[in-house]
Amino acid sequence: MNKKVIYSSLAIVILITISIILFNILNPTNGTLICTYNNKTDVYNISTRYEIKFTNRVVTNLYTEEIIEVADEEMLSEYKTSLGLVYSKYHDLKYYDNSIKVKNNKLISKTNINYQKLDISKFIALDKNNRKLFTNNKVELKLLRKTYEEKGSRCTYK
């Protein structure tokens, strides 16, 4: 009887240890998470790459590259104008950088946000929807990942 109890206890301890190790491998505390999204239609192709750097499961930096490929140059120009309007409100916000370029039937938008230095109150004042990203003035990795995955992105740790 004592051997059964010892073996059962040992098995439970081993399972708990393995579970903790797997959780930490699959959900690291620090590192980089890459999320990608692709959508192809007859009219356009969209590819988005999100590179999320984090410490203690809190986002420190977000780099985004969006590529829209369209054969129609007029449509590309309209996309550029629309995106330009979206990002223009952040133009004077320090630690929020965006550039939009059109080249070879592709619109390429690159955004870099340093959440460690970003003035969060100004960021939220520019768009009240930004408040949803923050918990105690921090962007939690799990919330950002969930947001991207709900929109169809596939995410993997680097």
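Structure: above.
An account of the accompanying structure is given in this report. Values in this document were obtained by computation on a predicted structure and should not be read as measured data.

**Side note on unusual backbone geometry**
Phase 1 of the analysis: With a phi close to 55°, Asn 56 is a non-glycine residue in the positive phi region.
Phase 2 of the analysis: Residue position: Asn 56 is located in the loop between strand E2 (44–55) and strand E3 (58–70).
Phase 3 of the analysis: Judged by relative accessible area, Asn 56 falls into the exposed class, the value being 54%.
Phase 4 of the analysis: Although it is not a glycine, Arg 57 adopts a positive phi angle of roughly 60°.
Phase 5 of the analysis: Mapped onto the fold, Arg 57 is located in the loop between E2 and E3.
Phase 6 of the analysis: Note on Arg 57: relative accessible area 31%, which makes it partly exposed.

**Points about the pairing of strand E4 (residues 96–103)**
Phase 1 of the analysis: When E4 meets strand E5 (residues 106–114), the two strands line up antiparallel, connected through eight bridges. Each bridged residue has a counterpart across the sheet, and for Ser 99 the counterpart in E5 is Lys 110.
Phase 2 of the analysis: What sits between E4 and E5 in their antiparallel hairpin is a turn of two residues, with Asn 104 showing a positive phi close to 50°.

**Digging into the nonpolar core**
Phase 1 of the analysis: Among the nonpolar cores identified, the biggest contains 30 residues, and Ile 52, Tyr 96, Tyr 115, Phe 123 and Phe 134 are the most heavily contacted of them.
Phase 2 of the analysis: Counting only elements with at least two residues in this core, the list comes to strand E1 (31–40), E2, E3, helix H2 (73–88), E4, E5, helix H3 (120–126) and helix H4 (141–150).
Phase 3 of the analysis: Here this core gets four residues from one element, more than from any other, and that element is E3.
Phase 4 of the analysis: Apart from the residues within four sequence positions on either side, Ile 52 is in contact with Gly 31, Thr 32, Leu 33, Cys 35, Val 59, Asn 61, Leu 62, Leu 141, Leu 144 and Tyr 148.

**Remarks on H2**
Phase 1 of the analysis: Between the first and last C-alpha of H2 there are 22 Å, a value that for 16 residues agrees with the 22 Å anticipated at 1.5 Å per step.
Phase 2 of the analysis: Taken together, the buried positions of H2 are Leu 76, Leu 83 and Tyr 87. Down the axis of H2, the sector holding all buried residues measures 35°, keeping them to one side. Residues of H2 that are exposed and point over 90 degrees away from its buried face: Glu 74 and Leu 85.
Phase 3 of the analysis: Residues of H2 that are buried sit in contact with E3, E4 and E5.
Phase 4 of the analysis: Where H2 begins, the capping side chain belongs to Asp 72, and its oxygen is found 2.9 Å from the backbone nitrogen of Glu 74.

What counts, and at which threshold
- Residues numbered from 1 in each chain as written.
- Predicted model: local features only at pLDDT ≥ 70, side-chain atom pairs only at ≥ 80, totals over all residues.
- Heavy atoms only, no water.
- Helix = DSSP H or I, 4+ residues; strand = E, 2+ residues; numbered from the N terminus.
- Buried < 20%, exposed > 50% of the residue type's maximum accessible area, 1.4 Å probe, protein only.
- Pairing = 2+ DSSP bridges.
- Core = buried A, V, L, I, M, F, W, Y, C linked by side-chain atoms within 4.5 Å.
- Contact = heavy atoms within 4.5 Å.
- Expected span 1.5 Å × (residues − 1).
- Arc of directions from axis to C-beta.
- Polar contact = N/O pair within 3.5 Å; in protein donor to acceptor, adjacent residues only side chain to side chain.

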